[in-house]
Amino acid sequence: MEEGQRRGGGGNLVFVPSGLKKEQTALLRKLASREGAVFQSTFTDEATHVVVNSLSATSRICERTLKYFRGIAARKWIVTFGWVQRSLAAGVLLPEVEYEVTGDSVNGASHGGPSRARGAVRPLMHGMQVCCIGFFSSILPVDQLKTILCDCGATVLSSPSEFSQQSAGQAVLIVEATDRTVHWQDFQALYKKYSLPVVNRQWVLDSVATYCLQPLDNYDVNYSK
């Protein structure tokens, strides 16, 4: 892999922790300082690496977090903390590929989403039109959800009335199906009004984690369609 590609194309390394313990974060800061890299607590477009805590010392499986989704959507390196430890011990920044996350606690141990995202020729949702409708919980605020969708190449609309019939891509309505104040009749009404798939938020998360568009029917909330 070319050096410029490994460093995110710009030369400046930016490390972002996700789910690390205090002592692990301190070691990540130490590595950043040694390498002349930037450490930042929040994920931004400038990030080159998201460093996660693996489920075990030898695994490359992690929990799903907002930064995990943001990193995959933006096609950044998602590496385990082992990369930090071994790089510090070696005195040199080791190749990331041997520490790249291969799976997560929800979608399985070996889906390879992070690697697939980095190697993608075009964004996952290129050409798609999506619209987020209704209330979204604080677990994943709608503004963050929209950012993830945009990073994946989708066109995010503010209203279903903005959908373009001329678009060759898929159009999808996304809802928060866990909201108990919304009933399946509401989803059915959305489908009847716009004749578009109505799927729950999990479709976005599973598609991004694996960097593979999941079948819409598996997440359809219009039960009587």
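Here the structure is shown first, and the text comes after it.
Residues numbered from 1 in each chain as written. Predicted model: local features only at pLDDT ≥ 70, side-chain atom pairs only at ≥ 80, totals over all residues. Heavy atoms only, no water.

## Some details on helix α6 (residues 142–151)
Inspection of α6 places L145, I148 and L149 among the buried residues, and these make up the whole buried set. The buried side chains of α6 occupy one side of the element, clustering within an arc of 100° when seen end-on. Those residues of α6 that are buried are in contact with α3 (66–73), β7 (129–133), β8 (155–157), β9 (171–175) and α8 (202–210). G153, located one to two residues past α6, shows a positive phi value of around 95°. (Buried < 20%, exposed > 50% of the residue type's maximum accessible area, 1.4 Å probe, protein only. Helix = DSSP H or I, 4+ residues; strand = E, 2+ residues; numbered from the N terminus. Arc of directions from axis to C-beta. Contact = heavy atoms within 4.5 Å.)

## Here's the deal with helix α4 (residues 81–90)
Of all the residues in α4, the buried ones are F81, G82, W83, V84 and S87. In the core, the buried residues of α4 are packed alongside β1 (14–18), α2 (22–35), β3 (49–52) and β5 (77–80).

## Concerning the sheet that holds β9
Taken together, 4 strands build an open sheet; the order of strands is β8-β7-β9-β10 and the sheet is parallel. If you trace the sheet from one side to the other, it starts and ends with β8 and β10 (198–200), each paired once. The mean angle between the axes of side-by-side strands here comes to 35°, regardless of whether they run parallel or antiparallel. With 3 bridges joining them, β7 and β8 adopt parallel strand pairing. Residue Q129 lies in a different strand from β8, and its bridge partner there is T155. Against the sheet, α6 makes contact with β7, β8 and β9, and its axis sits at roughly 170° relative to β7, the strand it touches most. Taken strand by strand, α8 contacts β9 and β10, and its axis lies near 70° from that of β10. (Pairing = 2+ DSSP bridges. Axes fitted to C-alpha atoms, helices over the stretch in contact; angles between N-to-C directions.)

## Quick word on the packing of α3 against α8
Where α3 meets α8, the axes come as close as 9 Å, and the angle between the chain directions of the two elements is 60°. Comparing their axes, α8 and α3 come out oblique. The crossing of α3 and α8 is left-handed. Within the contact between the two elements, α3 uses Y68, F69, I72 and A73 and α8 uses L205, V208 and A209. In terms of residue class, the contact of α3 with α8 is made up of 7 nonpolar, no polar and no charged. (Parallel < 35°, antiparallel > 145°, perpendicular 65-115°, else oblique. Left-handed = near helix turned anticlockwise from the far one by under 90°. Nonpolar A, V, L, I, M, F, W, Y, C, P; charged D, E, K, R; others polar.)

## Quick notes on the packing of aromatic side chains
Under the definition given, this model contains 2 aromatic pairs. Ring geometry for F15 and W83: centres 5.5 Å apart, planes at 85°, overall edge-to-face. Here the residue F15 occupies a position in strand β1, and W83 occupies one in helix α4, the gap between them amounting to 68 residues. The interplanar angle of 65° and the centroid separation of 5.7 Å between the aromatic rings of Y68 and F69 together place this pair among those described as edge-to-face. Summarising the burial analysis for this pair, Y68 and F69 share the class buried. Of note, R118 hangs over the ring of W77, and the distance from its end group to the ring centre comes to 3.6 Å. (Phe/Tyr/Trp six-rings, centres within 6.5 Å; stacked < 30°, edge-to-face > 60°. Lys NZ or Arg CZ within 6 Å of the ring centre and 35° of its normal.)

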